[in-house]
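Here is how the chains run, residue by residue.
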Amino acid sequence: MTPAFEHLQQQLKQLPGVGYRSAERIALSLLVEKPERLPALVKALEGAARSVRRCSRCGNLAEAELCPLCADERRDRSLVCVVEQVPDLVALERSGAYRGVYHVLHGKLSPIHGVAPEDLNFSTLFTRFAAGEVKELILALSNDVEGEATCHYLTSQLPADQAVAISRIGFGLPSGGGVLYADSVTLKSALDGRRTYS
Ligand SMILES: [Zn+2]
């Protein structure tokens, strides 16, 4: 194969869920079988790279300063659901059971994998607390040791002088599984049945 083909294949192989064979198949499709698709894909990639960023308030995907959820006046800003990743937020939104806003940490604490507090999106959450707009915090983090450590760290850093109700969901979810793997009905009952975290 040519150097350009191999370079493209290498880049594709870095994508989640794409192995060597799939990368080869996609590269062949784009360059040989359906080259007419390539300009639109290049345009979409360039457009996304240019316009998609993190919401300055919650860490969700945004194309402006705030994501559509943070910018939506109908959402209850006093209620903040903390999730690990954007797909967790998407799963909770799909359940239709939640009308508050979110905070995306972009991971969970893990000493084994070298993930420390400064690697996660905690600082903007503490800024939201300092602004006094948060009245209830829902921790929708994994039901595993790392998720628990993240909950513990987060709550230990909150200002003691603010009355914030803290609850945890995930008790109805599969052990070790995150929000992402639960169906809408499970997520709705997990939200309804959230328990006070202490
Ligand atoms: Zn946002």
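Note that residues are indexed from 1 along each chain, following the sequence as it is written. Whole-chain, interface and lining totals are the exception, using all residues; otherwise, since this is a predicted model, local features are given only for residues with pLDDT of at least 70 and side-chain atom pairs are given and counted only at 80 or more. Side-chain figures throughout are based on the complete set of non-hydrogen atoms in the structure, without hydrogens or water.

Undergrad: Would you explain the state of the cysteines in this entry?
TA: What we call a disulfide is simply a covalent bond connecting the sulfur atoms of a pair of cysteines. Any two cysteine sulfur atoms lying within 2.5 Å of each other are counted as a disulfide. One pass over the structure, following the stated rule, counts zero disulfides. C81 takes part in no disulfide bond, and the closest cysteine sulfur to it belongs to C151, at a distance of 11 Å.

Undergrad: Help me understand the nonpolar core in this model?
TA: The tendency in soluble globular proteins is for nonpolar side chains to be buried side by side. Think of a nonpolar core as a cluster: buried Ala, Val, Leu, Ile, Met, Phe, Trp, Tyr and Cys residues, connected wherever their side-chain atoms sit within 4.5 Å. Only protein chains enter the area calculation, which uses a 1.4 Å probe; residues under 20% of their type maximum are buried, those over 50% are exposed, and those in between are partly exposed. Ranked by internal contacts, the top residues of the largest apolar core, which has 22 residues, are C81, V83, L92 and Y102. Working definition: helices are DSSP H or I runs of at least four residues, strands are E runs of at least two. Numbering for both runs from the N terminus. At the level of elements, α4 (68-71), β3 (76-83), α5 (86-95), β4 (100-104) and α8 (184-192) are the ones that each hand at least two residues to this core. The dominant element in this core, judged by the number of residues it contributes, is α5, at four residues. Aside from chain neighbours lying at most four places away, what touches C81 is L92, Y98, V101, Y102, H103, I138 and A140. One finds F129, C151, I166 and Y197 within the second-largest nonpolar core, a separate group that totals 19 residues. Any two residues whose heavy atoms approach within 4.5 Å at even a single point are treated as in contact.

Undergrad: What is the right way to read the layout of surface pockets from this model?
TA: Approximately 160 Å³ is the volume attributed to the largest pocket. Elements with a minimum of two residues in the lining of the largest pocket: α1 (3-13), α2 (20-33) and α3 (38-51). Examining the composition of the lining of the largest pocket, we find that four residues originate from one element, α3, more than from any other. Residue classes follow a fixed rule: Ala, Val, Leu, Ile, Met, Phe, Trp, Tyr, Cys and Pro count as nonpolar, while Asp, Glu, Lys and Arg count as charged, and any other residue, Gly among them, counts as polar. Partitioned by chemical class, the residues of the lining of the largest pocket number eight nonpolar, no polar and no charged. Think of a 1 Å grid over the protein atoms and nothing else: a 1.4 Å probe that fits but is trapped marks a cavity, an open set flanked by protein within 12 Å on at least five of seven lines marks a pocket, and residues with an atom within 4 Å of a point count as lining. Grid points are joined across faces, edges and corners, and a volume is the space filled by probe spheres set on the points.

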